[in-house]
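In case you want the letters, here they are:
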Amino acid sequence: MDKFVIRGGNPLVGTVRISGAKNSALPCMAAALLTDETVTLENIPDVRDIETERKLLVAMGAEVELGYGRAHHRTTINCRKLDRAEATYDLVKTMRASTLVLGPLVARTGAARVSLPGGCAIGARPIDLHIKGLEKLGAVVTQEHGYIEAKADRLKGGHILFDKITVTGTEDLLMAAVLGDGETVMENCAREPEVADLANLLIKMGAKIEGVGTSTLKIHGVAKLHGAKHRIIPDRIEAGTFLIAAAMTGGDLIISGCDPQHLGALVQKLNECGVKVKQNGDSIRVMGDNPLTAADVSTEEYPGFPTDMQAQFMALATQADGTSVITENIFENRFMHAQEMVRMGANIKIEGRRAIVRGKTQLSAAAVLASDLRASASLVLAALVADGETIIDRVYHIDRGYERIEEKLRGVGAQIRRIGEMLPRKAQTAQPA
Ligand code: EPZ
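Numbering of residues starts from 1 in each chain and follows the order in which that chain's sequence is written. Local features in this predicted model are restricted to residues of pLDDT 70 or higher, and side-chain atom pairs are both shown and tallied only at a pLDDT of 80 or more, whereas totals for entire chains, interfaces and linings draw on every residue. Only hydrogens and water are removed before side-chain values are computed, so all heavy atoms of the structure are retained for them.

A.B. asks: Describe the site of the ligand, with residues and values.
C.D. replies: Not every one of the 22 residues close to the ligand is listed here, only the nearest: Asp128, Thr166, Thr168, Asp308 and Ile330. Identification of polar contacts relies on pairs of N or O atoms within 3.5 Å, with a donor-acceptor requirement for protein atoms, meaning one able to donate a hydrogen and the other able to accept it, and with residues adjacent in sequence counted only if both atoms are side-chain atoms. At 2.7 Å, a side-chain N or O of Asp128 approaches a nitrogen atom of the ligand. Exposure was quantified through the Shrake-Rupley algorithm and a 1.4 Å probe, taking into account, for residues, occlusion by the shown protein chains and nothing else. Relative to its unbound accessible area of 820 Å², the ligand is 90% covered by the protein chains. Within the residue set of the shell around the ligand, elements represented by two or more residues are helix H1 (22-31), helix H5 (128-136), helix H6 (167-177) and helix H12 (373-385). The biggest single contributor to the shell around the ligand is H5, with three residues. Gly falls in the polar group here, along with every residue not listed as nonpolar (Ala, Val, Leu, Ile, Met, Phe, Trp, Tyr, Cys, Pro) or charged (Asp, Glu, Lys, Arg). Here the residues of the shell around the ligand sort into nine nonpolar, five polar and eight charged. Definition of nearness: a residue and a molecule or strand are near each other if at least one heavy atom of the residue lies within 4 Å of the molecule or strand. Here a helix means four or more residues in a row that DSSP labels H or I, a strand means two or more in a row labelled E, and each is numbered from the N terminus.

A.B. asks: Please set out H6 residue by residue, giving values where relevant.
C.D. replies: Exposed residues in this analysis have more than 50% of their type's maximum accessible area, buried residues have under 20%, and partly exposed residues fall in between, with area computed by a 1.4 Å probe over protein chains only. Extensive coverage of H6 is indicated by the burial of ten of its eleven residues. Of all the positions in H6, only Thr168, Gly169, Thr170, Glu171, Asp172, Leu173, Leu174, Met175, Ala176 and Ala177 are classed as buried.

A.B. asks: I'd like a rundown of the packing of aromatic side chains, residues and numbers included.
C.D. replies: Working definition: rings of Phe, Tyr and Trp (its six-membered ring) pair if their centres are within 6.5 Å, and the pair is stacked with planes under 30 degrees apart, edge-to-face with planes over 60 apart, and tilted otherwise. For the structure on display, the rule yields one aromatic pair. The ring of Tyr147 has Arg113 lying over it, and the distance from NZ or CZ to the ring centre is 3.9 Å. The criterion for a charge sitting over a ring is simple: Lys NZ or Arg CZ within 6 Å of the ring centre, and within 35 degrees of the ring normal.

A.B. asks: Tell me about the side chain of Asp197, residues and numbers included.
C.D. replies: Within the fold, Asp197 resides in helix H7 (residues 193-204). Counting rule for charge: Lys and Arg are taken as positive, Asp and Glu as negative, and neither His nor the chain ends is counted. The rule for a salt bridge is simple: a side-chain nitrogen of Lys or Arg has to be within 4 Å of a carboxyl oxygen of Asp or Glu. Of the buried charged residues, Asp197 lacks a salt bridge, with Lys204 as the closest side chain of opposite charge at 6.8 Å. Side-chain polar atoms of Asp197 contact the side chain of Ser24, separated by 2.5 Å. Apart from residues no more than four positions distant in its own chain, Asp197 is found in contact with Ser24, Cys28, His230, Arg231, Ile232 and Ile233. Any two residues whose heavy atoms approach within 4.5 Å at even a single point are treated as in contact.

A.B. asks: Explain the pattern of salt bridges to me, and be specific about the residues and the numbers.
C.D. replies: Under the defined criterion, the tally for this structure stands at 28 salt bridges. For Glu194, the salt bridge goes to Arg236, with nearest N and O atoms at 2.8 Å. One end of the pair, Glu194, is in helix H7; the other, Arg236, is in helix H8 (residues 236-249), with 42 residues separating them in the sequence. Members of the salt-bridge network, linked through shared partners, are Arg84, Glu86, Arg113, Glu149 and Lys151.

A.B. asks: So, the layout of surface pockets: which residues are in play, and what are the values?
C.D. replies: Cavity: a set of points on a 1 Å grid over the protein atoms alone where a 1.4 Å probe fits but cannot get out. Pocket: an open set with protein on both sides within 12 Å along at least five of seven lines, its lining residues, like those of a cavity, having an atom within 4 Å of a point. Grid points are joined across faces, edges and corners, and a volume is the space filled by probe spheres set on the points. Estimated volume of the second largest pocket: approximately 560 Å³. Along its surface, the second largest pocket is lined by 18 residues, and Arg17, Ile18, Ser19, His73 and Glu403 are the ones closest to its centre. For the lining of the second largest pocket, a count of residues per class yields four nonpolar, six polar and eight charged.

A.B. asks: Quick one: what's the story with the packing of H6 against H7, residue by residue and with numbers?
C.D. replies: Here an angle of 0 to 180 degrees is reported between the N-to-C directions of two axes, which are lines fitted to C-alpha atoms, with helices fitted over the stretch in contact. Closest axis-to-axis distance for the H6/H7 pair is 10 Å, and the angle between their directions is 10°. It follows from the interaxial angle that H6 and H7 lie roughly parallel. Counted together, Val167, Thr170, Glu171, Leu174 and Met175 of H6 and Glu194, Val195, Leu198, Ala199 and Leu202 of H7 form the full contact between these two elements. Looking at the contact of H6 with H7, its residues break down into seven nonpolar, one polar and two charged. The labels follow the angle: roughly parallel below 35 degrees, roughly antiparallel above 145, roughly perpendicular from 65 to 115, and oblique for the rest.

A.B. asks: Break down the sheet that holds strand E11 (residues 183-187) for me, with residues and values.
C.D. replies: Strands belonging to one sheet form pairs held by backbone hydrogen bonds; the direction of such a pair is parallel or antiparallel. Taken in spatial order, the four strands of this open sheet run E10-E11-E13-E12, and their pairing is mixed. The open sheet has two edge strands with one neighbour each: strand E10 (159-161) and strand E12 (208-210). In this sheet, adjacent strand axes meet at a mean angle of 15° when their direction is disregarded. Here, strands pair whenever DSSP counts at least two bridges between them. One ladder, built from three bridges, connects E10 with E11; its direction is parallel. Within E11, the residue paired with His159 across the bridge is Val185.

A.B. asks: Requested: an account of helix H10 (residues 310-317), with residues and values cited.
C.D. replies: Burial within H10 is extensive, with eight of its eight residues counted as buried. Among the residues of H10, Gln310, Ala311, Gln312, Phe313, Met314, Ala315, Leu316 and Ala317 are the ones counted as buried.

A.B. asks: Kindly report on the sheet that holds strand E8 (residues 140-144), identifying the contributing residues and their values.
C.D. replies: Across the sheet, four strands lie side by side as E6-E7-E9-E8; this open sheet has mixed pairing. For this open sheet the edge positions go to strand E6 (86-87) and E8, each flanked by a neighbour on one side alone. In this structure, E8 lies alongside strand E9 (residues 147-151), joined through five bridges in antiparallel fashion. Bridge pairing in E9 links Glu144 to Tyr147.

A.B. asks: I'd like a rundown of the UniProt feature "active site" (unreviewed entry) in the protein chain, residues and numbers included.
C.D. replies: UniProt positions are given in the numbering used here, feature names are shortened, and annotations may be inferred rather than shown by experiment. The sites that UniProt annotates as "active site" (unreviewed entry) are Cys120. The residue Cys120 is located in the loop between strand E7 (111-115) and H5 in this model. According to the relative accessible area criterion, Cys120 is partly exposed, its value standing at 35%.

A.B. asks: Before we move on, could you go through the pairing of strand E14 (residues 228-231) and cite the residues and values that matter?
C.D. replies: With burial as the criterion, only one face of E14 is covered, namely that bearing Ala228 and His230; the residues Lys229 and Arg231 on the opposite face remain uncovered. Bridge count between strand E3 (residues 38-42) and E14: four bridges; the pairing is parallel. Looking at the pairing, Val39 lines up with Ala228 of E14.

A.B. asks: Tell me about the packing of H10 against helix H11 (residues 336-343), and please be specific about residues and values.
C.D. replies: In the contact formed by H10 and H11, the axes pass within 10 Å of each other and the chain directions differ by 25°. Between H10 and H11, the angle falls in the class roughly parallel. Note that H10 runs across H11; the crossing there is right-handed. Contact with H10, carried on its side by Gln310, Ala311, Met314 and Ala315, involves His337, Ala338 and Met341 of H11 and no other residues of that element. Here the contact of H10 with H11 is built from residues that sort into five nonpolar, two polar and no charged. Crossing handedness follows the turn of the near helix against the far one: under a right angle anticlockwise gives a left-handed crossing, and clockwise gives a right-handed one.

Following this line, the structure appears as structure tokens:
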């Protein structure tokens, strides 16, 4: 298992380019299941979850090309021949977003067999709202042996009012409804930019969707969708992670190829902490020359402060003068990073859904363990300011959602390197045949 070795103390200075959004690329790749024509997606991030999605689609019979050349990060997907409408446990357990194939498979083939995702480090992660929505659209859903089986000759229009705001639930059911027979109204939808990006792709494929970007989506089902070309939006969480890295290290960083519109809540919070941020088209410049002051954060659905930035903000809070109260409202177990930061010298107390962070504390390097994607990003941030050399194990978590983060960080002055598992030395003497 790869590790990162990071020596803290360098301010980040220069320009870093943001990759495409993983959480948009995943539903957009699943959308290709809805047509027998080719879907081409540009600006795909070179991260592990995309490779997992590729394997998942290929296992169903799709033809998937995925290339990361200098000029392009592109995938072309053709699902003309779908011979297995199934997402098996071995793939779903590594990436719960695999459940995004549920809606499009039922819509396109009339049946889907998808493994229940099971929980993950940050919470139970049920998909009951996905199932309830599919039933509202006329699917018969059964559950056995850890799998969901959904069937429908043809999904019909319906009215879905989400009990809770769910990002992939909204995406899954949007993809189910676009081929439904009739009109579907979905209320209390997620408004994350990745949902709008998926809707824009579906519209390019011939879907009829109103209310994109709002919490109420109205879909007029069509009989067939065609292929399309689409560019994935920039990754606002990767951009936010680098914003915080520059603020914490007292740097002067330009984050290019991002969409500042998607970062409103974070930029507002960073301003509150004394960080200077200047937006300029598709770039944001962050200057960390002011001392950081503490601020409270409460994670909310978009456009509120994103839960996917909570761990990174906690790392910043350890460097801010004063007490920051961080409240995690979305997931029930998303403070795994806190104890690892405490081992580095942070002063953090967890009280249920709240983390009380008292700063500023000088962090000291330690051997730490990554537990999930954003927790591992927060440990990298902590290591960038820690005194000494931090070793972060299980960085495969971070490779799921950040494209070559160590190269991007090194490119703006960080002292970071990846050490792979030492391959066992070859046996000196050849074994007898
Ligand atoms: C998406 O997960 C993102 N993943 C997550 O990003 C992100 O943290 C999350 O949205 C919240 O913004 C992708 O887009 C691939 P939810 P999702 O359904 O859709 C509960 C990352 O780091 N819920 O919006 O799974 C759920 O338990 C990942 O990139 C139900 O109760 O999250 C949670 O408490 C981590 N029943 C809340 O809703 C359901 O059927 C929000 O979850 C579905 C969800």
